[in-house]
Amino acid sequence: MKKLNQFTLVLSRVMEILCWIAVVIAVGLAIFSLMGRDWLEEQILHSMTIPGIDVGGLSLVLIDGHPSAASVTFSALAGVALASLSAMIFRNIHLILRTAQGKTWFSKGDTPFQKDITRMIREIGIFLISTSAVNLIWSIGMRFILGVDRVELGVELDSALVGMMVLCLSQFFDYGVQLQNDVDGLL
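Reading the values: rules and limits
Residues numbered from 1 in each chain as written. Predicted model: local features only at pLDDT ≥ 70, side-chain atom pairs only at ≥ 80, totals over all residues. Heavy atoms only, no water. Helix = DSSP H or I, 4+ residues; strand = E, 2+ residues; numbered from the N terminus. Buried < 20%, exposed > 50% of the residue type's maximum accessible area, 1.4 Å probe, protein only. Contact = heavy atoms within 4.5 Å. Areas by Shrake-Rupley, 256 points an atom, 1.4 Å probe, with all protein chains shown as cover. Axes fitted to C-alpha atoms, helices over the stretch in contact; angles between N-to-C directions. Parallel < 35°, antiparallel > 145°, perpendicular 65-115°, else oblique. Left-handed = near helix turned anticlockwise from the far one by under 90°. Nonpolar A, V, L, I, M, F, W, Y, C, P; charged D, E, K, R; others polar. Core = buried A, V, L, I, M, F, W, Y, C linked by side-chain atoms within 4.5 Å. Salt bridge = Lys/Arg side-chain N within 4 Å of Asp/Glu carboxyl O.

Caption draft 1: Local environment of the overall build of the protein chain. Looking only at helices and strands, one finds five helices and three strands in the protein chain. Element order for the protein chain, N to C, with α for helix and β for strand: α-α-β-β-α-α-β-α. Looking at the protein chain as a whole, 39% of its 187 residues are labelled buried. By sequence separation, contacts in the protein chain at least 24 residues apart represent 73% of the contacts at least 6 residues apart. For the protein chain, the computed accessible surface area is about 11100 Å², with 69% contributed by carbon and sulfur atoms.

Caption draft 2: Structural context of the packing of helix α1 (residues 2–35) against helix α3 (residues 69–100). With their axes 7 Å apart at the nearest point, α1 and α3 run at an angle of 160 degrees to one another. Between α1 and α3, the interaxial angle falls into the category roughly antiparallel. For α1 against α3, the interelement crossing comes out left-handed. Residue composition of the contact of α1 with α3, grouped by class: 22 nonpolar, nine polar and four charged.

Caption draft 3: Spotlight on the nonpolar core. With 19 residues, the main nonpolar core has I96, I117, I121 and I124 as its most contacted residues. With ten residues, the top contributor of residues to this core is helix α4 (residues 115–146). For I124, the contacting residues outside a window of four places in its chain are I89, N92, I93, I96 and V166.

Caption draft 4: Seen up close, the pattern of salt bridges. Across all of its chains, the model carries three salt bridges by this definition. One salt bridge in this structure joins E123 and R119, with 3.1 Å as the shortest N-O distance. Of this pair, E123 and R119 both sit in helix α4, four residues apart, roughly one helical turn. Given the relative accessible area of 24%, E123 is considered partly exposed. Assessed through its relative accessible area of 35%, R119 is described here as partly exposed. Salt bridges linked by common partners bring D116, R119 and E123 together as one network.

Interpretation in functional terms is not warranted from these geometric data alone.
Below, the structure is given as structure tokens:
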């Protein structure tokens with residue numbers, strides 16, 4: 001179990017860093033698509049054909065295969081939001097594991113039943129639900145930007161269900177914190 005915790009600790013940090021790099025790239029793409037809109041549409045977008053994109057629970061199929069600069073900008077902004085939410089999820093996973101091991105300055109021993117862990121689990125649930133909300137907003141926005149007749153969209157809302165389950169799990173941890181405090185008060 002310790003090896004699994006150590007592996008997850010390292011993997012969560014690596015994934016957090018990769019997500020923050022994706023945020024920077026998406027911001028750069030959004031700025032580039034705003035500043036070089038004409039060049040982007042003339043030189044790149046009209047010469048390329050993209051039958052479909054499937055990223056992070058978002059699925060986009062262009063009927064004519066040609067994206068617009070506005071769709072690139074809007075998608076890049078959605079990428080910023082999704083990558084930021086993912087980075088925060090991985091950050092919280094890393095902090096939960098470190099806190100449960102008693103390796104953070106705010107940890108209260110090596111028990112998983114701590115208020116900070118409960119808060120971070122709740123935040124993970126909120127971030128997961130927010131991911132589904134961003135996917136849905138992106139889907140609706142792309143319909144308006146590209147036109148209803150030019151695009152077929154699909155949005156996976158699995159992360160909303162997982163987020164609700166994580167929120168329920170945070171309630172169990174909150175109850176565990178209360179029990180832990182009661183036991184500590186008796187001793």
